[in-house]
Amino acid sequence: MSTRQMELEVMRYDPEQDKAPYFQKYSVPCEDDWAILDAINYVKENIDTTLAYRWSCHMMVCGSCGMMVNGEPSLTCKTFIRDLPDRVRIEPLENFPIERDLVVVLDDVMEKLRMAKPFIIRKDDPPPEDREYTQSRANLYKFKQYTMCINCMCCYAACPQYALDKSFIGPAVLALAHRYNIDSRDQGKSERLNILADHDGVWECSFVGACSEVCPKSVDPAAAVQQMKIDGAKEWWKQKLGGGKS
Amino acid sequence: MSRQPYIRPVSKTTWYMRNGRYRKYMLREVTCLLVGVYCFLTIWVLAILASGSQEHWNAFLVSQQSPSVVAFHAIALIYFLVYQTFDWFKLAPKAMPVQLGEKKMPDRFIVIAHYAAWAVISLFVFWLAGVI
Amino acid sequence: MAIAKKAFVWGLFAAGGTLTAFVFPVLIALFLLVALGKVPEGLQFENIHAFATSWVGKTGLFIVISLSLWHAAHRLRVVFHDFGVRMDNLVANAVYLVALIGTVMTAFYLYKI
């Protein structure tokens, strides 16, 4: 197998020393079948042990190695060097504060995840003990793609509306909420819409569509948000015509 | 170890220059100005018709016949087709997915249906206006 | 928390956007034909006046113009935001007011025809 010399320009930031981030260059002999994550691991192991970044599974499951690769939000374990030029710029995910080097602070999204109530809500308590809530294949296929999200947060890094206004709930969380809204076992749709179709919710999205384009798991958050807008508009009329309650 | 997360600045006025995806989006969004222009142009037409005067109408038709007006409409037509009509049709299946039994209807069928409906509507209006 | 009022204007925006996508190309094409001096039969005074006098014509024109105006107004509100103008309440009031004025003008002229 042949190797290729690549120039990695990696954003560095040490909160204890640096006022602002800067780029550091590393020359890395890359194997043909490497992903960018392999090149970063090579730097860590052979060139600079101080480089901080997150990764775990190296197989597109854990969602922790999301970074900007040449300006594009990418999962570095599935971004291959054969698809990239000799110079590659690696930055921490956009729109998030930088903790150190390539590590970002995700607290904001974790807070928002809670707001979306991403679990099945039932009104008929207590849940039946002798049977489970059944699910048809047709309904499963309707929402299945949204369950593929691994919370890598590439969609947040791609979303300009989140960049401009951090109070916007944002793509992945809204997509996950929609996944439960269209689950036939769930009864919490209007409860969620009251939160997610409020001021900081779906209406802040202007359908740029970047979230869906960068998603490494082919989830379509942009579609989910548009469908939630339609649901929100219907729910608004329902509440107006139904005397304020749904 | 002290935490001091660094927040990268984002320009509120020029953020869309960062990539082609954003620029394309902005080009789509400003089609609203064209919609506004043609709405008020049509309202102007209605105002002339409301006056009930054939001379006013004929004078209006003549006043519109200039190369610059031709250029404006021609550019507006192309711009509108590319950034509003085609874009709207392309994105329609996202907002309104159709489920056929267990499978989702392929997006392209929904897009094709939109183009077909568009052709029918356009031909109908042209027929109504006596163009064809 | 509750559904924001934006739900209502967004509904108008989406309906109007769909209408403009389908109808505006042919509308612009008609203006283009007029500008080229090739005024079609249907745009001669008696014909277009008769069309705008009929209930079908009035209803169609009103729906297309008013919804398109609200579509444009709502999108313009977002455009202001995207270009960095952060007085959303002022912008929203201004653009919706223009849409409202246009809607009233449309209704008024159609009533008078």
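How each quantity is defined
- Residues numbered from 1 in each chain as written.
- Chains lettered and ligands numbered in written order.
- Predicted model: local features only at pLDDT ≥ 70, side-chain atom pairs only at ≥ 80, totals over all residues.
- Heavy atoms only, no water.
- Contact = heavy atoms within 4.5 Å.
- Buried area = accessible area lost by both parts, 1.4 Å probe.
- Salt bridge = Lys/Arg side-chain N within 4 Å of Asp/Glu carboxyl O.
- Polar contact = N/O pair within 3.5 Å; in protein donor to acceptor, adjacent residues only side chain to side chain.
- Helix = DSSP H or I, 4+ residues; strand = E, 2+ residues; numbered from the N terminus.
- Nonpolar A, V, L, I, M, F, W, Y, C, P; charged D, E, K, R; others polar.
- Core = buried A, V, L, I, M, F, W, Y, C linked by side-chain atoms within 4.5 Å.
- Buried < 20%, exposed > 50% of the residue type's maximum accessible area, 1.4 Å probe, protein only.
- Domains from an automatic or database assignment.
- Expected span 1.5 Å × (residues − 1).
- Phe/Tyr/Trp six-rings, centres within 6.5 Å; stacked < 30°, edge-to-face > 60°.
- Lys, Arg positive; Asp, Glu negative; His and termini not counted.

Novice: Provide a residue-level description of the interface of chain C and chain A, including the pertinent values.
Specialist: At the junction of the two partners, chain C supplies 13 residues and chain A supplies 21 residues. Interface area, chain C with chain A, both sides summed: about 1,500 Å², of which 68% is carbon and sulfur. Interface area lost by chain C to chain A is led by C:Met1, C:Ile3 and C:Trp10, which between them contribute 42%. Put simply, chain C and chain A have one salt bridge between them. Here A:Glu204 ties to C:Lys6 by a salt bridge, and the two come within 3.1 Å at their closest N and O atoms. There are four residue pairs in polar contact (both at pLDDT 80 or more) connecting chain C and chain A. If you list the elements that add at least two residues to the side of chain C that touches chain A, you get α1 (6-35) and α3 (55-82) of chain C. The leading source of residues in the side of chain C that touches chain A is α1(C), at four residues. Here the side of chain C that touches chain A is built from residues that sort into eight nonpolar, one polar and four charged.

Novice: I'd like to hear about the nonpolar core, residue by residue, with values.
Specialist: In this structure, A:Leu8, A:Tyr156, B:Tyr38 and B:Trp57 are the most contacted members of the largest nonpolar core, which totals 138 residues. Here this core takes 18 residues from α1(C), the largest share from any one element. A domain split of this core shows at least three residues from each of domain 1 (3-104) and domain 2 (107-242) of chain A. Excluding residues within four positions of it along the chain, A:Leu8 makes contact with A:Gln24, A:Lys25, A:Tyr26, A:Val28, A:Ala39, A:Ile40, A:Val43, A:Val88 and A:Ile90. Counting eight residues, the second-largest nonpolar core is a separate cluster that includes A:Ala175, A:Ile182, A:Cys215 and A:Ala224.

Novice: Describe the interface of chain B and chain C, listing the residues and the values that go with them.
Specialist: Chain B puts 56 residues into the contact, and the matching count from chain C is 56 residues. Between chain B and chain C, the buried area comes to about 4,900 Å², and carbon and sulfur atoms account for 79% of it. When the buried area of chain B at its contact with chain C is split by residue, B:Leu46, B:Leu49 and B:Trp88 rank highest and sum to 13% of it. Counting across the interface, chain B meets chain C through one salt bridge. Mapped onto the side of chain B that touches chain C, the elements with two or more residues apiece are α1 (20-29), α2 (31-51), α3 (54-63), α4 (67-95) and α5 (107-128) of chain B. Broken down by element, the residue count for the side of chain B that touches chain C peaks at 16 residues, all from α2(B).

Novice: Before we move on, can you summarise α2(B) with the specific residues and values?
Specialist: With 21 residues, α2(B) ought to run about 30 Å at 1.5 Å a step, and its terminal C-alpha atoms sit 31 Å apart, in line with that. A large share of α2(B) lies buried, amounting to 15 of its 21 residues.

Novice: Lay out the packing of aromatic side chains in plain terms, naming residues and giving numbers.
Specialist: Residues and elements named next belong to chain A. All chains considered together, the criterion is met by 29 aromatic pairs over all chains. Aromatic pair Phe96 and Tyr162: ring centres 5.9 Å apart, planes at 50°, arrangement tilted. Of this pair, Phe96 sits in the loop between β5 (87-92) and β6 (98-100) while Tyr162 sits in helix α5 (residues 160-164), and the two are 66 residues apart along the sequence. Exposure remark for Phe96: the relative accessible area of 3% places this residue in the buried category.

Novice: Explain the side chain of A:Asp38 to me, and be specific about the residues and the numbers.
Specialist: Residues and elements named next belong to chain A. Within the fold, Asp38 resides in helix α1 (residues 36-47). Lacking a salt bridge, the buried Asp38 has Arg82 as its closest oppositely charged neighbour, with an N-O distance of 9.1 Å. A polar contact of 2.8 Å, which involves the side chain of Asp38, links it to the backbone nitrogen of Ala35.

Novice: Quick one: what's the story with unusual backbone geometry, residue by residue and with numbers?
Specialist: Residue and element names in this part refer to chain A. A positive phi is found at Asp101, a non-glycine position, where the angle reads about 45°. Residue placement: Asp101 occurs in the loop between β6 and β7 (103-104). The phi dihedral of Lys117 is positive, around 45°, even though this residue is not glycine. For Lys117, the location among the structural elements is in the loop between α2 (107-115) and α3 (137-147). Since its relative accessible area comes to 23%, Lys117 is described here as partly exposed.

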